[in-house]
Amino acid sequence: MAYKCHVLVVGCGLSGLASALALAQTGHRVTVFERSSKLQEIGAGIQLSPNATRMLQHWGVLEEVLKYADRPEAGTFRSYRGDVLSQSPPVSDPRLVNMAPYIVIHRADLLRALLSGTRKHKIEVRLGSDVKEIDFSKPSLRLSTSEVHEADVILGADGERSRCRGILLGHTDPPYSPGDIVYRISVPVADITEDHLAWDLKKRSSVNFWMGSGGHVVSYLIQHDMLNVVLVYAEGGSGKVMYGPQRADLEEFRSKISDWDPVLHELINVEGSVCTKWTLFQIHEPNQWRHESGRFVLIGDAAHAILPCLAQGAAQAFEDAGVLGGIFSLSVGRDQIPDALRVFEEVRKPRASDVRHRTLDQKAIFALADGPDQEKRDAKLRAGADHELFKWLWEYDAAESGREAWKNFTKTHEYGIKPHNGIEGTRESSIL
């Protein structure tokens with residue numbers, strides 16, 4: 001019989017909850033520690049591509065998630081002037097979303113749906129539990145109350161501003177701002193009528209991109225009654241750093257898109273629209289996610305926070321959880337846990353790094369000023385050149401990847417064959 005681990009998870013965001021579900025589903029005991037006394041998700045809308053929803057299927061919570069989600073009928077890339085360049089991303093392409101859907105959902109609703117799974121799998125969630133120290137050798141963690149908790153494995157899932165990452169590295173490692181700002185406008189759609197320029201954005205669920213010099217806008221419906229409109233914009237490094245959403249003036253948003261599609265300007269004129277903004281952060285990629293003891297590993301944004309330019313932040317956290325769940329669904333002895341975490345990192349680190357760099361590529365591509373590079377981009381989008389990128393991203397099955405990697409490791413270990421280091425393949429090339 002496979003050894004059943006006791007796993008401690010630091011952080012009860014999307015990454016921590018997903019990993020808890022993936023491990024508890026296969027019979028492991030999981031305790032989640034969250035510093036905040038109340039669970040809440042910063043932000044409004046979130047997109048989940050098939051590589052993420054496939055994991056929700058594995059964990060038995062997709063039906064609960066779909067109660068709150070919209071499934072877009074279409075996706076469209078536009079120039080900043082409003083010219084349609086392509087019906088992409090292919091959110092309704094049956095070749096890519098037949099087995100697992102592409103959905104949009106409010107982050108709070110997604111968190112609620114994941115929490116429903118913790119009750120089913122008897123996952124203990126301890127709120128108001130501030131982790132101060134980690135003893136990697138036992139392993140154990142000490143809370144601010146001086147309580148000490150021991151286990152077989154500890155997962156550091158405490159986000160981009162991770163204390164766990166700092167403890168692992170032996171020094172503080174705060175995220176840094178390269179000068180990118182997010183503006184988000186929540187637009188109530190009740191009063192958008194057929195004669196409004198934005199009627200098409202209201203009448204059907206779709207994901208819409210506008211690309212212009214310095215940034216891009218994306219919009220989609222959430223909770224059936226609100227358009228989530230987000231601008232990612234490069235302001236440079238001289239602005240004020242904002243941790244989390246802060247109220248902003250609609251005119252400030254308008255000034256960034258002064259010559260963009262009139263539809264966007266009509267949208268922000270809708271009564272009741274609320275604008276917030278915050279700073280986008282990046283982290284330095286850790287050389288290693290694991291502690292040398294082999295009983296601790298970083299996951300999610302604590303290991304590989306990425307910008308929201310490919311809608312892959314949550315998906316990559318879910319892939320982490322899927323690979324972990326796939327490995328630990330098989331026979332892993334207590335003395336094999338260090339090997340299991342090494343295999344996890346060998347599977348996940350190259351792909352997460354590829355996705356991160358691909359996201360930076362896309363950010364630059366989305367923000368091109370008018371000129372030859374922009375014309376080349378637009379021509380490739382019209383020709384559907386981005387399909388292979390989405391195929392590479394969306395068809396990935398993290399749980400199966402974890403299972404296969406562990407089977408290969410145990411087979412080579414059994415026969416004394418040196419395992420291949422670097423399981424994951426290379427990323428697809430840019431659309432430019």
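Structure shown above.
Residues numbered from 1 in each chain as written. Predicted model: local features only at pLDDT ≥ 70, side-chain atom pairs only at ≥ 80, totals over all residues. Heavy atoms only, no water.

Draft legend 1. Region of the structure containing the overall build of the protein. When you go through the protein residue by residue, the secondary structure sums to 15 helices and 18 strands. Relative to its length of 432 residues, the protein is compact, with a C-alpha radius of gyration of 22 Å against a globular reference of 22 Å. Referenced to the eigenvectors of the C-alpha coordinate spread, the extents of the protein come out at roughly 65 × 45 × 40 Å. Within the protein, the fraction of its 432 residues that count as buried is 57%. Of all intrachain contacts in the protein linking residues separated by at least 6 positions in sequence, the fraction that spans at least 24 positions is 77%. When the accessible surface of the protein is split by element, carbon and sulfur atoms take 47% of a total near 18,000 Å². Of note, the protein has its 51 positive side-chain charges centred 4 Å away from the centre of its 57 negative side-chain charges. (Helix = DSSP H or I, 4+ residues; strand = E, 2+ residues; numbered from the N terminus. Rg over C-alpha atoms; globule rule 2.2 N^0.38 Å. Buried < 20%, exposed > 50% of the residue type's maximum accessible area, 1.4 Å probe, protein only. Contact = heavy atoms within 4.5 Å. Areas by Shrake-Rupley, 256 points an atom, 1.4 Å probe, with all protein chains shown as cover. Lys, Arg positive; Asp, Glu negative; His and termini not counted. Charge placed at Lys NZ, Arg CZ, Asp CG, Glu CD.)

Draft legend 2. Region of interest: the pairing of strand β8 (residues 131-135). In this structure, β8 lies alongside strand β9 (residues 140-143), joined through four bridges in antiparallel fashion. Looking across to β9, one finds that V131 is bridged to L143. In sequence, β8 turns back onto β9 through a hairpin of four residues. (Pairing = 2+ DSSP bridges.)

Draft legend 3. Focus on the pattern of salt bridges. Within the structure shown, the criterion is met by 27 salt bridges. Between D130 and K132 there is a salt bridge, with the nearest N and O atoms lying 3.5 Å from each other. In this structure, E235 and K256 form a salt bridge, with 3.1 Å as the shortest nitrogen-oxygen distance. Placement of the pair is E235 in the loop between β15 (226-234) and β16 (246-247) and K256 in helix α8 (residues 250-256), with a sequence separation of 21 residues. Shared partners join several salt bridges into a network, and the residues in it are E319, D320, R348 and R351. (Salt bridge = Lys/Arg side-chain N within 4 Å of Asp/Glu carboxyl O.)

Draft legend 4. Layout of the sheet that holds β8. With antiparallel pairing, three strands are arranged side by side in an open sheet as β8-β9-β10. Edge positions in the sheet fall to β8 and β10 (148-150), since each of these pairs with one other strand and no more. Direction aside, neighbouring strands of the sheet carry axes that sit 20° apart on average. Pairing between β9 and β10: three bridges, direction antiparallel. Its bridge partner lying in β10, R142 is registered against V148. (Axes fitted to C-alpha atoms, helices over the stretch in contact; angles between N-to-C directions.)

Draft legend 5. The side chain of T412, seen in detail. Residue placement: T412 occurs in helix α15 (residues 398-414). Classification of T412 by relative accessible area gives buried; the value is 17%. At a separation of 2.9 Å, a polar atom in the side chain of T412 contacts the main-chain carbonyl oxygen of F409. (Polar contact = N/O pair within 3.5 Å; in protein donor to acceptor, adjacent residues only side chain to side chain.)

The values reported here are purely geometric and, on their own, carry no functional implication.
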